[in-house]
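Per-entry structural report
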Amino acid sequence: MMARKKAILLPLKERLNMNYATIKYNDISNGPGIRTSLFVSGCTHHCKGCFNSIAWDFDYGEPFDKRVEDEIIASLKQSHIKGITLLGGEPFEPQNQGPLVELTDRIRKELPNKDIWCFSGYTIEEMISGKLSEVDTTMKLLKNIDVLVDGKFVEELKSLMLKFKGSSNQRTIMVKETLERNEIVLWDK
């Protein structure tokens, strides 16, 4: 088993900027409705059969900066855009959490009617446990997300019949309801 990189435990404002692999505007594949999808760079899962293995490298792509964040916010202001989807790479890698907290905080403040989806190879239980990064940062990001598709992609469990996920081990979770009830509440629309 490969050793996981040690989490970077810097305060939110002192974290290094993340890179992003691509942004898809008017995306209809990564959540309901028409969305803006941000594919972050960096992933230590290295799932066999990953559709986006090029984004495993934390240095791949372009720097995520204020200009890019402003472009995403502008795209979300369009009335036909339902929300944003965060995927990658891995949004919950410690290096990516700080910038994504800042982005999702801004979306919650400026565009409260837009929903936020996230795809992660980590499970919600791993996120809550504090094993990924400082608990405070992970929980800030998690609490900004409406729907989380969690769990690693498992090629042997791949199915094209699944809605918004790649393998049958993955769950589509309503985050707010799950945290309030302290039990997994699945999205079933």
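Residues numbered from 1 in each chain as written. Predicted model: local features only at pLDDT ≥ 70, side-chain atom pairs only at ≥ 80, totals over all residues. Heavy atoms only, no water.

Check the secondary structure of the chain and you find 5 helices and 7 strands. Secondary structure elements of the chain occur, N-terminal to C-terminal, as β-β-β-α-β-α-β-α-α-β-β-α. Within the chain, buried positions represent 48% of all 189 residues. For the chain, long-range pairs separated by at least 24 residues make up 68% of all intrachain contacts whose partners lie at least 6 apart in sequence. (Helix = DSSP H or I, 4+ residues; strand = E, 2+ residues; numbered from the N terminus. Buried < 20%, exposed > 50% of the residue type's maximum accessible area, 1.4 Å probe, protein only. Contact = heavy atoms within 4.5 Å.)

Now for the environment of I28. Tracing the chain through its elements places I28 in the loop between β1 (19–27) and β2 (34–40). Here I28 is in contact with G33 and I34, once residues within four sequence places are set aside.

Quick look at helix α1 (residues 66–76) now. Turning to α1, its buried residues are V68, E69, I72, I73, S75 and L76. Viewed end-on, α1 has its buried residues packed into an arc of 160°, placing them on one side of the element. (Arc of directions from axis to C-beta.)

This part is about the packing of aromatic side chains. What characterises a pair of aromatic rings is the spacing of the ring centres plus the angle enclosed by the ring planes. Taken as a whole and assessed by the stated rule, the structure comprises 5 aromatic pairs. Between F39 and F51, the aromatic rings sit 6.5 Å apart at their centres with planes inclined by 70°, giving edge-to-face as the arrangement. In this pair, F39 is assigned in strand β2 and F51 in the loop between β2 and β3 (62–63), connecting sequence segments 12 residues apart. Aromatic ring contacts, followed pair by pair, group W117, F164 and W187 into a single cluster. (Phe/Tyr/Trp six-rings, centres within 6.5 Å; stacked < 30°, edge-to-face > 60°.)

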